[in-house]
Amino acid sequence: MNILVCVKRVPATGGRIVLTADGSEIDVRYLGFTVSPHEECAVEEAVRIVEAQGGASAVLTLGPAAAEEQLRDAMAIGVDRAILLETDGRDWDPIATADAIVESIRAEEAANGPFDLILFGNESADSGGFQVGIRVAHALGRPCVSGVKALQPGAGSVVARREAAGGGWESFEVPLPAVVAVKEGINLPRYPSVPGRLRARKKEIARSTPAWRSAGLEKIVLRLPQTEVTTAEVIGRGADAAPAVVDLLDRIGVLDR
Amino acid sequence: MSGSVLALVNVVGGAPDKASLEALALARRLATDTGATLEALIIADGATAGAAAAALAGVSATKAIVAEHPGLTTDHPDGWAAAIAQVVETRGPAAVVGAGTERGNELLARVAARLGLPMAANCLSVEASEDRYRLTRQRWAGSLLEDCWLDAPTKLLTVAPNTVAVGERDGSPAPAIEAVPVTLTDADLVVRVTGREAPERGRISLGDAKVVVGGGRGVGSGEGFADLEELAELLGAAVGGSRVVTSAGWRPHSDQIGQTGQRIAPSLYIACGISGAIQHVVGIKAAKHILAINTDPEAPIMNVADYAVIGDLHTVVPAISAEIRRRSSSA
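In this text the structure is predicted, and so the values were computed from the model without any measurement.

Engineer: I'm lost on unusual backbone geometry in this one. Help?
Structural biologist: For residues other than glycine, phi is negative in most cases, and the peptide bonds are mostly trans. A cis amide bond links Leu176(A) to the next residue, Pro177(A), at an omega of 0°. A positive phi angle, close to 65°, is found at Ser60(B), a residue other than glycine. Structurally, Ser60(B) can be placed in the loop between helix H2 (46–54) and strand S4 (61–68). Note on Ser60(B): 19 C-beta atoms within 10 Å, which makes it partly exposed. Its identity is not glycine, yet Trp140(B) carries a phi of approximately 45°, on the positive side. Position of Trp140(B) relative to the elements: it lies in the loop between strand S7 (132–139) and strand S8 (144–150). On the neighbour-count criterion, Trp140(B) (24 C-beta atoms within 10 Å) is buried.

Engineer: Sorry, what's going on with the sheet that holds strand S8 (residues 157–163) of chain A here?
Structural biologist: Two pairing modes exist for strands in a sheet, parallel and antiparallel, and in both the strands are linked by backbone hydrogen bonds. With mixed pairing, ten strands are arranged side by side in an open sheet as S11(A)-S5(A)-S4(A)-S1(A)-S6(A)-S10(A)-S7(A)-S8(A)-S9(A)-S11(B). Both outer strands of the open sheet, strand S11 (205–208) of chain A together with strand S11 (193–197) of chain B, are each paired with one neighbouring strand and no more. Going from strand to strand, the sheet's axes swing by 30° on average, the running direction of each strand aside. Sheet topology note: the strand S4 (residues 56–63) of chain A/strand S5 (residues 81–86) of chain A ladder contains six bridges and is parallel. Paired with Leu62(A) across the strands is Leu85(A), a residue of S5(A). Of the strands in this sheet, strand S1 (2–7), S4, S5 and S11 of chain A are in contact with helix H3 (residues 94–112) of chain A, which crosses S4(A) at around 145°. The strands that helix H4 (residues 132–140) of chain A touches are strand S6 (117–121), strand S7 (144–153) and strand S10 (178–182) of chain A; relative to S7(A), the one it contacts most, it runs at about 80°.

Engineer: Would you mind going over the interface of chain A and chain B with me for this structure?
Structural biologist: The interface is formed by 68 residues belonging to chain A together with 73 residues belonging to chain B. It is strand S12 (residues 217–223) of chain A that provides the largest number of residues to the side of chain A that touches chain B, a total of seven residues. For the side of chain A that touches chain B, a count of residues per class yields 34 nonpolar, 20 polar and 14 charged.

Engineer: I tried to follow the domain arrangement of chain B on my own but got confused; where do I start?
Structural biologist: One widely used convention gives an interface's size as the accessible area the parts lose upon coming together. All names here are of chain B. You can read the domains of chain B as domain 1 (4–189) and domain 2 (211–330). A separation of 34 Å is found between the C-alpha centroids of domain 1 and domain 2. Residue-level contacts link five residues of domain 1 with seven residues of domain 2. Of the residues that constitute the side of domain 1 that touches domain 2, the class distribution is two nonpolar, three polar and no charged.

Engineer: Would you take a moment to explain the environment of Ser4(B) for this structure?
Structural biologist: Residues and elements named next belong to chain B. Along the chain, the position of Ser 4 falls in strand S1 (residues 4–12). By C-beta crowding, Ser 4 is classed as buried, having 21 other C-beta atoms within 10 Å. In sequence terms Ser 4 and Ser 125 are 121 residues apart; their C-alpha atoms lie 18 Å from each other. Residue contacts for Ser 4: discarding those within four places in its chain leaves Ala 36, Thr 37, Glu 39, Arg 91, Pro 93 and Ala 94.

Cut-off values and rules
- Within any chain, residue numbers begin from 1 and follow the written order of that chain's sequence.
- Each chain takes a letter, starting from A, and each ligand takes a number, starting from 1, following the order in which they are written.
- Local features in this predicted model are restricted to residues of pLDDT 70 or higher, and side-chain atom pairs are both shown and tallied only at a pLDDT of 80 or more, whereas totals for entire chains, interfaces and linings draw on every residue.
- Helix numbers and strand numbers start at the N terminus; a helix is a DSSP run of H or I with at least 4 residues, a strand a run of E with at least 2.
- Residues are called buried when their C-beta atom has 20 or more other C-beta atoms within 10 Å, exposed when it has 12 or fewer, and partly exposed otherwise; all C-beta atoms are positioned from the backbone.
- Think of it this way: DSSP has to see at least two bridges between two strands before they count as a pair.
- To obtain each axis, a line is fitted to C-alpha atoms, and for helices this fit is confined to the stretch in contact; angles are then taken between N-to-C directions over 0 to 180 degrees.
- It is the C-beta atoms, placed from the backbone, that decide contacts: two residues are in contact if theirs lie within 7 Å.
- Under the grouping applied here, Gly and all other residues not named as nonpolar or charged are polar, the nonpolar ones being Ala, Val, Leu, Ile, Met, Phe, Trp, Tyr, Cys and Pro and the charged ones Asp, Glu, Lys and Arg.
- An automatic or database domain assignment provides the domain bounds reported here.

Below, the structure is given as structure tokens:
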């Protein structure tokens with residue numbers, strides 16, 4: 001099976017987000033970078049499918065030159081090769097992002113044959129647009145399932161399972177080639193090994209530089225939500241607090257079932 | 001400006017769900033601000049849609065549009081996208097507003113892809129300015145906000161759950177139902193639900209529970225959740241956990257609360273041994289009351305919680321369960 005995984009470089013924000021003085025960006029001076037959690041799982045899933053069934057995997061990102069780090073990370077756990085659509089670091093709108101990815105996929109497929117499966121994370125951790133994978137699938141005329149937490153690729157089709165809106169699970173069997181947007185929980189991503197990292201250094205990265213364009217959604221400024229910082233009222237310590245806690249449960253009306 | 005604002009209404013158990021009512025509330029305000037009419041597009045078959053439309057009295061919606069196609073069921077996300085895209089193309093609304101749930105975002109993204117229009121997910125507020133909208137939307141699952149411009153002939157946006165008040169009903173009647181025939185191709189129905197597994201019997205979902213008992217690193221192990229399960233049983237509560245807990249395999253991933261898991265909005269959230277990292281906090285912000293049980297009085301959760309008990313959860317939680325039992329047996 002021939003698989004492509006699309007990822008996005010995002011800051012590892014840790015406990016608290018700090019913005020630049022003009023509010024245009026997250027202050028990343030003291031931050032490391034990673035890919036979104038859903039995408040880490042997408043990369044792991046691609047590697048597992050190829051390990052189990054044979055084939056090849058590639059990882060693609062649209063981002064600054066420094067996103068090479070995230071491509072090497074993916075190759076360190078077993079992805080075969082990488083594609084970097086290099087930008088000048090500006091934000092790309094979801095339509096422009098999807099268009100650039102589609103153009104790259106078409107060129108890749110013309111040269112190296114079709115991808116049976118294209119994996120995305122369900123939404124990026126930073127901008128959270130919930131749409132790039134769906135747009136890419138539509139442009140390529142391929143079926144797309146999102147929110148996926150289990151994947152069983154077979155001959156000619158794939159079964160994708162996700163949590164149903166009202167509890168329980170629902171599954172979709174769609175023909176290949178297909179696009180699947182996965183969520184954290186589909187697997188537990190491995191850590192790269194040292195030999196894996198060394199091998200990743202020698203793997204190929206194909207580079208191109210698509211042109212930025214405006215496509216209808218444009219960031220003005222970022223700001224932190226005004227969170228009410230409360231100071232919790234300490235109603236007790238240790239086991240002795242139990243009567244006060246049950247009084248509280250009674251008072252807010254959650255004791256009567 | 002005039003024209004119409006179209007709100008997408010998802011139906012659960014015969015009635016519009018809460019996230020759709022929130023989307024309707026924002027759509028209603030937008031319609032009022034721009035002098036547009038408010039219309040609802042109901043995502044359900046004809047019979048169900050009729051009942052759901054009756055439940056929309058008092059929201060000032062003038063029409064309830066029902067897509068008519070024999071093959072279209074809620075098992076077809078792409079089919080619904082095709083139907084909505086056709087309605088948008090024929091009626092040309094100024095805006096389409098949907099719920100910012102997993103499914104709501106997915107559906108509007110599919111519509112946006114078909115129409116080649118931009119879409120803004122998880123908005124909190126909208127201000128119409130000339131031909132474009134100035135939006136505030138969530139980034140990082142709500143730990144950061146973005147103000148942005150949305151510029152398109154029809155603006156597509158979803159409303160972040162639990163951020164917009166559903167609002168008061170007025171005396172307006174239930175919207176008149178308008179059945180709109182849609183044409184679907186086989187390709188529109190390729191993506192469809194081919195299998196279902198019912199939820200575990202007797203299990204209360206995190207999304208529906210009135211009380212949620214959450215565990216973090218402080219729980220210490222999968223077995224450590226027994227204390228939380230016991231309290232949850234007594235309260236009719238659901239049990240969830242932070243990302244630490246699901247990554248360690250102490251709980252299944254479906255129990256995760258936070259940025260990459262579920263957002264919850266119970267009456268009470270009891271955070272046991274949870275430090276309060278922002279990735280978790282974004283998932284619990286909509287809880288009405290938060291009680292933290294933690295050994296560390298300086299933990300960040302104390303700045304989010306309303307009440308706290310300082311102590312080891314494995315001592316405190318069983319004591320609470322015992323006290324509830326004691327009172328119910330003496331009552």
